[in-house]
Amino acid sequence: MRPVMKACISLVASVLSLPVASSTAYAVGGGHDQQPQKPPSANGPHGGTSGNTLMASAGATSIKVTQVSGGAPGKSPKPLTAVDPNWKPPACWYEPVATPEELKAGVDRLKKGGPLVPVTPTLSWGEELMVNNYEKGKSSGSGETSYKNYNIGKDGKFWRGVINQDVAQDAWSYDCERTLFWQDANTLPDDPHAPTPDVLAAYAYDRINVPETKVQLKPQGKSTVNLPTWVWLDRAKFQDVKVRAELPGTGVWAETTAKPVALHLEPGTTDAETYPASGDCGINGDGSIGAPYKKGDSARTPPCGVTYLRATDGAPYRLKASVTWRISWEGSGGTKGDLPDGTFEATQNLNVQEIQSVNR
């Protein structure tokens, strides 16, 4: 299923009155022993000592993303863009952040003057609240569940909300404001923001590394008015791309696959004709698009290409090639689904000369 981002109606009025992108710190709730955290920086996750998940900031996700197959070495110049402009990846979700022993160690450091403990993406607690709520089992009276001696001896972990840094400035990224809570091992929270396979699949969407869309042309660099330019993509560079996202310690995973399905050409001028007329070049049975130009093809119409009707005058035309990728996923528990198609586009300069004697 596609993740649907609900409106951020759970925020209190005082938070709604603040600009989401503001660097002003704020807290939800009252009490003298709690301190707000600043909204997460677009510069990425930060926090305490390396590996100290409990003390990390709200953007320090533990989701592990790996590219299983396809793609190309290095990173694409720009990300895959969803065709549906209304689709967005999950803005926040809950993750396990500490065992009972790790939570106790964090509070022990707090007692010695250490850093406050983040209990939600925007709120940190000091010694009094942490000791009362997680050591003594005394609720603060604000609706939080209390725990005796950090639940030491029980099998499970404490969970907390995590914000997707890619959409950290959106209001709904603050929906995951449940205070640090206990979850038994091998179970997921009964919460709409639980890290289910579809959430991981959508998170992986923005991390798909598709090959750069640089089409091959004949002639290269300079075309001639009223003569077709052949366009094609080799099958070796145009394969399915699969990305795996998994959340350690939960058994939850998803593999998101991008399958190339079409190439769309935009000549960069209205004085041109595309082949096919729609500019949409389909994929051949072997996975390639179009066909390479061969000697003697000058009188043929290319299966994928463009003919320019007017020469360039100083500035080249910007030929845009956009590849559409169909996105699907499968995950733990036999789950599967589809996500919106994505596009990846690139432009190439093309000069066009007047008709003259040409050997092709």
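Residues numbered from 1 in each chain as written. Predicted model: local features only at pLDDT ≥ 70, side-chain atom pairs only at ≥ 80, totals over all residues. Heavy atoms only, no water.

**Q** Explain the overall build of the protein chain here, please?
**A** The secondary structure content of the protein chain amounts to 4 helices and 19 strands. Considering only residue pairs separated by 6 or more positions, the protein chain has 74% of its internal contacts joining residues 24 or more positions apart. (Helix = DSSP H or I, 4+ residues; strand = E, 2+ residues; numbered from the N terminus. Contact = heavy atoms within 4.5 Å.)

**Q** Where do I start with the state of the cysteines in this structure?
**A** Here, disulfide denotes a covalent bond that connects the sulfur atoms of two cysteines. Applying the stated criterion to the full structure yields 2 disulfides. Two residues share a disulfide in this structure: Cys92 and Cys176, whose sulfurs sit 2.1 Å from each other. Across the S-S bond linking Cys92 and Cys176, the dihedral sits near 80 degrees, which makes this disulfide right-handed. Placement of Cys92 in strand 4 (residues 92-98) and of Cys176 in the loop between strand 7 (156-163) and strand 8 (181-184) is noted, with a sequence separation of 84 residues between them. Grouping residues by exposure puts Cys92 and Cys176 together as buried. (Disulfide = S-S within 2.5 Å. Buried < 20%, exposed > 50% of the residue type's maximum accessible area, 1.4 Å probe, protein only.)

**Q** Honestly, the confidence of the model for the protein chain in this entry has me stumped. Any pointers?
**A** Segments scoring low in pLDDT should not have their predicted coordinates read at a detailed level. In this model, the protein chain carries a mean pLDDT of 82, and residues with pLDDT of at least 70 account for 81%. Low confidence marks residues 39-51, where pLDDT is under 50. Its contacts with residues over four positions away, or in another chain, come to 23 contacts. (pLDDT = per-residue confidence, 0-100.)

**Q** Could you clarify how one ought to interpret helix 3 (residues 127-135) in this entry?
**A** For an α-helix, the turn length of 3.6 residues means that residues three or four places apart are oriented alike. Residues of helix 3 that are buried: Leu129, Met130, Val131, Asn133 and Tyr134. The first or second residue beyond helix 3 is Gly137, which carries a positive phi of 75 degrees.

**Q** Help me understand the sheet that holds strand 7, please; the structure alone is not making it clear to me.
**A** What links the strands of a sheet is backbone hydrogen bonding, and the strands pair in either a parallel or an antiparallel sense. The 3 strands are arranged 4-7-8 in an open sheet whose pairing can be described as antiparallel. Either end of the sheet is taken by a strand with one partner, and the two such strands are strand 4 and strand 8. Taken pair by pair, the neighbouring strands of this sheet meet at an average axis angle of 50 degrees, ignoring direction. Taken together, the 6 bridges between strand 4 and strand 7 define a ladder with antiparallel strand orientation. For Pro96, the partnering residue across the bridge sits in strand 7 and is Trp159. (Pairing = 2+ DSSP bridges. Axes fitted to C-alpha atoms, helices over the stretch in contact; angles between N-to-C directions.)

**Q** Just checking my understanding: could you explain the nonpolar core for this structure?
**A** Here is a general trend for soluble globular proteins: nonpolar side chains tend to be buried in one another's company. One finds Ile208, Leu263, Tyr308, Trp325, Ile327 and Leu339 to be the most contacted residues of the largest nonpolar core, which totals 48 residues. For this core, the elements supplying multiple residues, two or more each, are helix 4 (197-205), strand 11 (228-233), strand 12 (241-247), strand 13 (252-266), strand 17 (305-308), strand 18 (317-331) and strand 19 (335-353). (Core = buried A, V, L, I, M, F, W, Y, C linked by side-chain atoms within 4.5 Å.)

**Q** In this structure, what is going on with the environment of Asn226? I would like to understand it.
**A** Tracing the backbone shows Asn226 in the loop between strand 10 (222-224) and strand 11. Taking the C-alpha atoms as reference points, Asn226 and Ala311, separated by 85 residues in sequence, lie 9.4 Å from one another. Non-local contacts of Asn226, meaning those with residues more than four positions away in its chain, are made with Thr307, Tyr308, Leu309 and Ile355.

**Q** Would you mind going over unusual backbone geometry with me for this structure?
**A** The phi angle of most residues is negative, glycine excepted, and most peptide bonds adopt the trans form. Looking along the chain, the bond that leaves Lys218 and enters Pro219 is cis, with omega of 0 degrees. Positive phi, normally seen in glycine, also occurs at Asn151, with a value near 60 degrees. Among the secondary structure elements, Asn151 is positioned in the loop between helix 3 and strand 7. A positive phi is found at Asn226, a non-glycine position, where the angle reads about 70 degrees. Here Asn226 falls in the partly exposed class, since its relative accessible area comes to 43%.

**Q** I keep staring at the pattern of salt bridges and nothing clicks. Help me out?
**A** When charged atoms on two side chains of opposite charge get close, those side chains can pair. Applying the stated rule across the entire model yields 13 salt bridges. The closest approach of N and O atoms between Arg310 and Asp271, which form a salt bridge, is 3.0 Å. Here the residue Arg310 occupies a position in the loop between strand 17 and strand 18, and Asp271 occupies one in the loop between strand 13 and strand 14 (272-275), the gap between them amounting to 39 residues. The shortest N-O distance in the salt bridge between Asp297 and Lys294 comes to 3.8 Å. Given the relative accessible area of 5%, Asp297 is considered buried. Take Lys294: its relative accessible area is 51%, and that puts it in the exposed class. Because the salt bridges share partners, they merge into one network encompassing Lys242, Arg244, Glu246 and Glu255. (Salt bridge = Lys/Arg side-chain N within 4 Å of Asp/Glu carboxyl O.)

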